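What follows is the residue order along each chain.
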Amino acid sequence: MANSVNLQVKAVALDFDGVIANLDVNWNAALRQASKIAGFEIKSLLTFYENNHATPSFQKVSAEMEAIELCAVATAQPKPYIEDFLKSLQQKQVPTYIVSMQSLKPIKTFLEKHNLAKYFTAIITRLDCPSKTAQIQFISKQTNLSPSQILLVDDAKRNISSCQSLGTSCFFFKRTQNQKETKETWNKILKLASTNQI
Ligand SMILES: [Mg+2]
């Protein structure tokens, strides 16, 4: 998938599952459970969250999925070299966000456990915004940056293409990479994010 990056990137927005850590979740079982709670068949949680945001049905499904996510973060490990990467962004004074369709509690639990919370300006989750594009718009509003000045790093092609249509700078992150590839990927992102920093 082609990356599209503005040379004036001023902030970085990292997806959580697939970029910061890989969550081991049986999504088919989770979908069945979510469908049972909602009372209709949910084929995609992303579509469900987007169409039902803040409704009682959303709250119930989200709470159940949060419990599954909490179990998954208990065993998940941070991606190799991520702390070095986050440290470098901090040194270059690039504000770094998490934009995730997971829930807040599992992400916070994971970051605190691995001492990574201090590197993030804010964590935007499905509780705040119904979609990845809405999350980018949220940061854009908060920071007064245009979407093109925000670099989204995400492992889902669906999120990359929806955010690209907003004009967001996007980097497609391969969910499965070996240590060496992961290190090279962090370095590539770092280069893109540091080109025009003061
Ligand atoms: Mg992801």
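This one's a predicted model, so the numbers in the text were calculated from it and none came from an experiment.

A. The domain arrangement of the chain, seen in detail. What the domain assignment reports for the chain is domain 1 (11-22 + 78-194) and domain 2 (27-75). Distance from the C-alpha centre of domain 1 to the C-alpha centre of domain 2: 22 Å. Facing ten residues of domain 1, the contacting portion of domain 2 comprises ten residues. Across the side of domain 1 that touches domain 2, the residue classes tally to four nonpolar, four polar and two charged.

B. Just unusual backbone geometry, in detail. Even without a glycine there, the phi angle at N115 is positive, about 55°. In this structure, N115 sits in the loop between α5 (104-113) and β3 (122-124). Of note in the backbone geometry, N144 takes a positive phi value of approximately 65° without being a glycine. On the secondary structure map, N144 appears in the loop between α6 (132-143) and β4 (150-154). Residue class for N144 comes out exposed when judged on the 8 C-beta atoms lying within 10 Å of it.

C. Molecular detail of the pairing of strand β2 (residues 96-99). Sheet topology note: the strand β1 (residues 11-14)/β2 ladder contains three bridges and is parallel. Following the sheet pairing, A13 is matched in β2 by Y97. The pairing of β2 with β3 spans three bridges and is parallel. Residue pairing in the sheet places V99 in a bridge with I124 of β3. Since β2 and β3 lie parallel, the crossover through α5 that links them has a hand, and here it is right-handed.

D. How the structure looks around the pairing of β4. With five of five residues buried, β4 is to be regarded as a mostly interior element. Neither face of β4 is left uncovered, since the one carrying I150, L152 and D154 and the one carrying L151 and V153 both have all their residues buried. Relative to β4, β1 runs parallel, the two sharing four bridges. Within the sheet, the bridge partner assigned to L14 lies in β4 and is V153. Sheet analysis places β4 next to strand β5 (residues 169-172), joined by four bridges and oriented parallel. Residue pairing across strands places L151 opposite S169, the latter belonging to β5. Taking the sense of rotation as the criterion, the β-α-β connection linking β4, helix α7 (residues 157-164) and β5 turns out right-handed.

Definitions and limits used
- Residues numbered from 1 in each chain as written.
- Predicted model: local features only at pLDDT ≥ 70, side-chain atom pairs only at ≥ 80, totals over all residues.
- Domains from an automatic or database assignment.
- Contact = placed C-beta atoms within 7 Å.
- Nonpolar A, V, L, I, M, F, W, Y, C, P; charged D, E, K, R; others polar.
- Helix = DSSP H or I, 4+ residues; strand = E, 2+ residues; numbered from the N terminus.
- Buried ≥ 20, exposed ≤ 12 C-beta atoms within 10 Å, placed from the backbone.
- Pairing = 2+ DSSP bridges.
- Right-handed = clockwise from strand over helix to strand, strands pointing away.

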